[in-house]
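Survey of secondary and tertiary structure
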Amino acid sequence: MDRRIAVLLSLALTGCPPAAEPAKGPAAAEAPAVDPRQERATSAAQALGKQLKARLKEALQAGGPAGGIEACQLAAPQIAAAVAEDQGLAIGRTSFKLRNPANAAPAWAAADVEARRETPTFREGPDGALRALLPIRLEAACTTCHGPADELSQEVRQALAERYPDDQATGFAEGDLRGWFWVEVPPLEGR
């Protein structure tokens with residue numbers, strides 16, 4: 001994949017607006033069109049990320065970090081299901097350090113997760129579907145629950161122990177690769 005597309009997708013998923021890059025010469029006019037399924041996968045991941053952040057913000061304001069942990073456990077699967085239904089695709093989150101075992105990577109993404117691929121990855125499925133794995137970077141606020149285990153508050157440690165007794169998702173710093181959105185986009189009609 002073109003490195004510029006990978007950077008733009010990564011920035012878009014983290015919420016940072018990319019700097020505009022001017023078109024240069026005839027090569028810019030000849031740039032291949034992005035597969036519409038890639039755009040659809042990226043858009044769905046952005047929608048999921050935006051809705052998760054909004055719900056988490058509400059929960060943190062209402063119940064502090066423990067409320068945020070509860071929201072992640074209960075609301076995140078519902079939000080992912082709603083985005084999947086709304087967008088007509090399959091979507092979820094995964095990581096190499098899981099908090100929720102239900103977020104294990106789909107079989108097609110397992111090798112990329114194990115390799116900790118840091119750039120967006122798009123693959124054709126055997127059925128003509130597009131499979132996307134889009135990185136999630138840890139934001140500063142996320143270290144409250146995902147930072148070094150010895151730096152987590154007692155409230156966070158207690159909530160994690162109650163809700164996620166086998167939690168592995170600590171030890172991260174701002175900017176670290178936290179995991180991925182995975183998306184399965186159906187084949188284009190007429191294919």
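Remember, predicted model here, so these are calculated numbers, not experimental data.

1. Looking at the pairing of strand β2 (residues 121–124)
The side chains of a regular strand alternate, residue by residue, between the two faces of the sheet. Note: β2 against strand β3 (residues 130–137), four bridges, orientation antiparallel. When the sheet's bridge partners are listed, Thr-121 is paired in β3 with Leu-133. The turn joining β2 and β3, which pair antiparallel and follow one another in sequence, is formed by five residues; a positive phi near 90° is taken by Gly-128.

2. Here we look at the nonpolar core
Membership of the largest hydrophobic core comes to 21 residues, with the highest contact counts inside it found for Leu-48, Ile-91, Leu-134, Phe-181 and Val-183. Elements with a minimum of two residues in this core: α3 (36–87), β3 and β4 (177–185). Looking at this core element by element, the count peaks at eleven residues for α3.

3. Section: the pattern of salt bridges
Evaluation of the coordinates by the stated rule reveals nine salt bridges. Measuring nitrogen to oxygen at the nearest pair gives 2.8 Å for the salt bridge that ties Arg-99 to Asp-167. Placement of Arg-99 in the loop between β1 (90–94) and α4 (110–114) and of Asp-167 in the loop between α6 (154–163) and β4 is noted, with a sequence separation of 68 residues between them. Asp-167 sits in the partly exposed class, given a relative accessible area of 22%. In the salt-bridge network here, residues are joined through shared partners; they are Asp-35, Arg-37 and Glu-124.

4. Section: the packing of aromatic side chains
Summed over the entire model, instances satisfying the criterion amount to two aromatic pairs. Of the aromatic side chains, those joined through ring pairs into one cluster are Phe-96, Phe-172 and Trp-180. Positioned over the ring face of Phe-172 is Lys-97, at 4.9 Å from the centre of the ring.

5. What about the confidence of the model for the chain?
Residues at a pLDDT of 70 or more form 82% of the chain, whose mean pLDDT is 85. For the stretch residues 1–28, pLDDT sits under 50, and the model shows 26 contacts to residues farther than four places along the chain or on other chains.

6. Examining α6
Among all positions of α6, only Val-156, Ala-159 and Leu-160 are buried. Projected onto a plane normal to the axis of α6, the buried residues spread over an arc of 100° and lie on a single side. Residues of α6 that are exposed and point more than 90 degrees away from the buried face comprise Gln-154, Ala-161 and Glu-162. Contacts from the buried residues of α6 go to α3 and α5 (143–146).

The rules behind each value
- Residues numbered from 1 in each chain as written.
- Predicted model: local features only at pLDDT ≥ 70, side-chain atom pairs only at ≥ 80, totals over all residues.
- Heavy atoms only, no water.
- Pairing = 2+ DSSP bridges.
- Helix = DSSP H or I, 4+ residues; strand = E, 2+ residues; numbered from the N terminus.
- Core = buried A, V, L, I, M, F, W, Y, C linked by side-chain atoms within 4.5 Å.
- Buried < 20%, exposed > 50% of the residue type's maximum accessible area, 1.4 Å probe, protein only.
- Salt bridge = Lys/Arg side-chain N within 4 Å of Asp/Glu carboxyl O.
- Phe/Tyr/Trp six-rings, centres within 6.5 Å; stacked < 30°, edge-to-face > 60°.
- Lys NZ or Arg CZ within 6 Å of the ring centre and 35° of its normal.
- pLDDT = per-residue confidence, 0-100.
- Contact = heavy atoms within 4.5 Å.
- Arc of directions from axis to C-beta.

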